2 protein chains.
Amino acid sequence: MADPQSRTTGKRLAVVGAGAVGGAVVDLASEYGHTITAFADSTSAAIDPNGIDTDAVLTRKDETGTVGESDSSVAVDATYDVLIEATPTTLGDAQPGFSHLRTALERDRDVVLANKGPVAERYADVQQVLHDSDGSLRFEATVGGAIPVLSTLEDISPAQVTAVRGVLNGTANFILSRMATEGINYEHVLAEAQDLGVAEADPAFDVEGTDAALKCVILANVLSTDNREYTLADATVDGITNIPGSALELAAEEGRTIRLVGEATPTGVHVGPRLIPQNTALAVTGTRNIVQLETTNAGQLNLSGRGAGGPETASAILADVSRL
Amino acid sequence: MADPQSRTTGKRLAVVGAGAVGGAVVDLASEYGHTITAFADSTSAAIDPNGIDTDAVLTRKDETGTVGESDSSVAVDATYDVLIEATPTTLGDAQPGFSHLRTALERDRDVVLANKGPVAERYADVQQVLHDSDGSLRFEATVGGAIPVLSTLEDISPAQVTAVRGVLNGTANFILSRMATEGINYEHVLAEAQDLGVAEADPAFDVEGTDAALKCVILANVLSTDNREYTLADATVDGITNIPGSALELAAEEGRTIRLVGEATPTGVHVGPRLIPQNTALAVTGTRNIVQLETTNAGQLNLSGRGAGGPETASAILADVSRL
């Protein structure tokens, strides 16, 4: 803490994945003193060991759909200190994210993940690759967007944390919040959320609880004190698609509301709709997320903020880079 | 994050100050893998380069009021990796805390502060000593007890934070909460708080806003981007002693309540009673604290938890030790 401003020394970053998160990292990196030496989407890449022209590349991506003239696959083999893996989360084999991570770690480079797949579905494989590497791995952005969940867990020590629970999916929370305040049905609010861009055209990942469950699986892996590996298959998951508007009305009559709550303890992962007293910490509204850490010595810590969004998630990624 | 459980390697700690916080650090250190090699109160010290018997020393302190046979002053010159400075916060010259910090840093040891004095009243002097030392300094426990305020600020970079505000004094917040819910006057609630041990016999430090202001001054020093030093003299401070019960009743009629809110921005420090909408994040009840960070890229982050207490503050100190 001597001089926090100068703590982050500039690093060379390769960013794989050119969606909202990858694009925001490329856009913001120079603000944090870093240089982007490689940037890839699914079909192309821009590479320059001295730093790509980020404005030009982001404009090109907007206008043409590609980021550069090189083949996409060359990015992970380019010159960089840290690989930022921001391709879409995939289940099962977690590809291509896992291969990107492995290539970078085998080169003894550091890796920062935005992609939940490798640490949710293949945590033991990731630990094995990490064990054989001089590189480090961080993945704050995979849980709770801008909220410093994993770094707080790390600082206070996972052994001191008895449970983590939270509202970890902004889309589901937006829908439940609107159902409660407007008294309208799930289908109507979902259509509204899709119009606003808060829900995807295929909302299953969010409304069926999969996304929240992946985040809780990651937390369970970090909390696990006996090296047990958790995957999505170990989680019990219920979504919000079957909640009638009348359930929220009944809850409100008793001063309660319904939230999609995920919980990770050292022994399991559960995600489902829960009755929550109104005006308490877990009853966040809209797209905000909240995480509660139950600790042995420090009581309950509540951390809340924006759980998604390009710049918000990029902020968590760049915080990880500064902690490497 | 490869294996967070094993991240903390055991350190030798010297703890100066044997109040609730210093005692809790001594009590909990072994849980985190550390050894206590020196422990001092204001009149005596226990010293053993191989580790003191912490249970015996804490029992002795309870029974006799002293921690050992050695002179108190030998602790800072003993064998240790990290000095934990937990003597009472003093204003102005911040002694004896400042001298303890200087001695340890001049020996190129690391220092973790629970004492607010050195970083609130002599931040520039501390930076000078730090500049000439190979040791590091951390002071998470000085702001918000168990809440990871400074480490979050450090991770997301102070340059990205435009303001920090919060409810940072549990005693004042307990009194305001009780005044609002019970409709009783300041003097009555203060007496109750003193009976419960929530307020000191001389409550001035808490109820006049000094304690909250010192925390905000520390935040301003960390946020300062132009090396400007802040001290308590730079803060505008109002306390809660003149708030009539009727003010809280009037506030409640409009769906609001009153909280003692402190704010630090890169340009100043202000502490005073503020009207806050009920059931919003800043309206925490009882002795809980909350801190809101306004950031450039990550929106607003809210962190809340226990702002005081021996084990809670010790938890923050031991998190600092793990980050050294």
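Residues numbered from 1 in each chain as written. Chains lettered and ligands numbered in written order. Predicted model: local features only at pLDDT ≥ 70, side-chain atom pairs only at ≥ 80, totals over all residues. Heavy atoms only, no water.

An unreviewed UniProt entry lists chain A under the name homoserine dehydrogenase, with Haloquadratum walsbyi as the source organism.

Details of the sheet that holds strand β3 (residues 44-47) of chain B
Residues and elements named next belong to chain B. As summarised here, the arrangement of the seven strands in space is β4-β3-β2-β1-β5-β6-β7, forming an open sheet in which the pairing is mixed. Strands at the two margins of the open sheet, each flanked by one partner only, are β4 (70-71) and β7 (137-138). One ladder, built from five bridges, connects strand β1 (residues 12-16) with strand β2 (residues 35-40); its direction is parallel. For R12, the partnering residue across the bridge sits in β2 and is T35. Its contacts with the sheet place helix α3 (residues 97-106) against β1, β5 (82-85), β6 (110-113) and β7, and it is angled at close to 175° to β5. (Pairing = 2+ DSSP bridges. Helix = DSSP H or I, 4+ residues; strand = E, 2+ residues; numbered from the N terminus. Contact = heavy atoms within 4.5 Å. Axes fitted to C-alpha atoms, helices over the stretch in contact; angles between N-to-C directions.)

Re the nonpolar core
With 148 residues, the main nonpolar core has I175(A) and I175(B) as its most contacted residues. Listed in part, the 28 residues of the second largest apolar core include Y32(B), V67(B), A114(B) and A314(B). (Core = buried A, V, L, I, M, F, W, Y, C linked by side-chain atoms within 4.5 Å. Buried < 20%, exposed > 50% of the residue type's maximum accessible area, 1.4 Å probe, protein only.)

Examining the interface of chain B and chain A
If you look at the interface, chain B gives 47 residues, while chain A gives 47 residues. Summed over both sides, the interface of chain B with chain A buries roughly 4,000 Å², with 50% coming from carbon and sulfur. Inspection of the chain B/chain A interface yields two salt bridges. Close ionic contact of D155(A) with R323(B) constitutes a salt bridge, the shortest N to O distance being 2.9 Å. (Buried area = accessible area lost by both parts, 1.4 Å probe. Salt bridge = Lys/Arg side-chain N within 4 Å of Asp/Glu carboxyl O.)

What to know about the packing of helix α7 (residues 170-182) of chain B against helix α8 (residues 186-196) of chain B
All names here are of chain B. It is the contact of α7 with α8, at a shortest axis distance of 9 Å, that shows an interaxial angle of 125°. As the angle between them shows, α7 and α8 are arranged oblique. Handedness of the α7/α8 crossing: right-handed. Seen from α7, the contacting residues are F174, I175, R178 and M179; seen from α8, they are Y186, V189, L190, E192, A193 and L196. Partitioned by chemical class, the residues of the contact of α7 with α8 number eight nonpolar, no polar and two charged. (Parallel < 35°, antiparallel > 145°, perpendicular 65-115°, else oblique. Left-handed = near helix turned anticlockwise from the far one by under 90°. Nonpolar A, V, L, I, M, F, W, Y, C, P; charged D, E, K, R; others polar.)

Topic: the sheet that holds strand β13 (residues 300-306) of chain A
Hydrogen bonds between backbone atoms are what pair the strands of a sheet, whose relative direction is either parallel or antiparallel. Here we have twelve strands laid out as an open sheet, ordered β9(A)-β11(A)-β10(A)-β8(A)-β12(A)-β13(A)-β13(B)-β12(B)-β8(B)-β10(B)-β11(B)-β9(B), and mixed in their pairing. Strands with a single pairing partner mark the edges of an open sheet, and in this sheet they are β9 (235-237) of chain A together with β9 (235-237) of chain B. Neighbour-to-neighbour, the strand axes of this sheet turn through a mean angle of 25°, independent of strand direction. Bridge count for strand β12 (residues 288-295) of chain B against strand β13 (residues 300-306) of chain B is seven bridges, and the pairing is antiparallel. When the sheet's bridge partners are listed, I290(B) is paired in β13(B) with S304(B).

Overview of unusual backbone geometry
For the peptide bond that leads from Q95(A) to P96(A), omega is 5°, which places it in the cis range. Looking at the secondary structure, you find P96(A) in the loop between β5 (82-85) and α3 (97-106).

Describing the pattern of salt bridges
According to the stated counting rule, one finds 34 salt bridges over all chains in the structure shown. Across the salt bridge formed by D41(A) and K61(A), the nearest N and O atoms sit 3.0 Å from each other. Here the residue D41(A) occupies a position in the loop between β2 (35-40) and β3 (44-47), and K61(A) occupies one in helix α2 (residues 54-64), the gap between them amounting to 20 residues. The exposure class of D41(A) is buried, given its relative accessible area of 7%. One salt bridge connects E154(A) with R323(A), and the closest N-O pair in it is separated by 3.5 Å. Of this pair, E154(A) sits in helix α6 (residues 149-156) while R323(A) sits in helix α12 (residues 310-323); the two residues are 169 residues apart in sequence, bridging distant segments of the chain. With relative accessibility at 12%, the residue R323(A) sits in the buried group. Overlapping salt bridges, with partners in common, bring together R138(A), E154(A), D155(A), D320(A), R323(A), R138(B), E154(B), D155(B), D320(B) and R323(B) in one network.

Observations regarding the pairing of strand β10 (residues 256-265) of chain A
Two faces belong to every sheet, and in a regular strand the side chains alternate between them. Residue and element names in this part refer to chain A. Across the ten residues that make up β10, a large majority, eight, are buried. Here strand β8 (residues 161-167) runs beside β10; their pairing, made up of three bridges, is antiparallel. Counterpart to G166 in the pairing with β10 is G262. In sequence, β10 turns back onto strand β11 (residues 268-277) through a hairpin of two residues.

Let's talk about a negative patch on the surface
There is a patch of like negative charges on the surface, built from D27(A), E31(A), D53(A) and D55(A). Relative to the elements of secondary structure, D53(A) occurs in the loop between β3 and α2. (Patch = residues over 30% accessible without salt bridge, like charges linked within 9 Å, V, L, I, M, F, W, Y side chains within 5 Å. Areas by Shrake-Rupley, 256 points an atom, 1.4 Å probe, with all protein chains shown as cover. Lys, Arg positive; Asp, Glu negative; His and termini not counted. Charge placed at Lys NZ, Arg CZ, Asp CG, Glu CD.)

With respect to the packing of aromatic side chains
The final tally for this structure, using the stated rule, is two aromatic pairs over all chains. Aromatic side chains Y123(A) and F139(A) sit 6.5 Å apart centroid to centroid with 80° between the ring planes, which places their arrangement in the edge-to-face category. Residue Y123(A) is found in helix α5 (residues 123-131), and its partner F139(A) is found in the loop between β7 (137-138) and α6; the two are separated by 16 residues along the sequence. Positioned over the ring face of Y80(A) is R107(A), at 5.1 Å from the centre of the ring. Over the ring of F98(B) we find R122(B); its NZ or CZ atom is 3.7 Å from the centre of that ring. (Phe/Tyr/Trp six-rings, centres within 6.5 Å; stacked < 30°, edge-to-face > 60°. Lys NZ or Arg CZ within 6 Å of the ring centre and 35° of its normal.)

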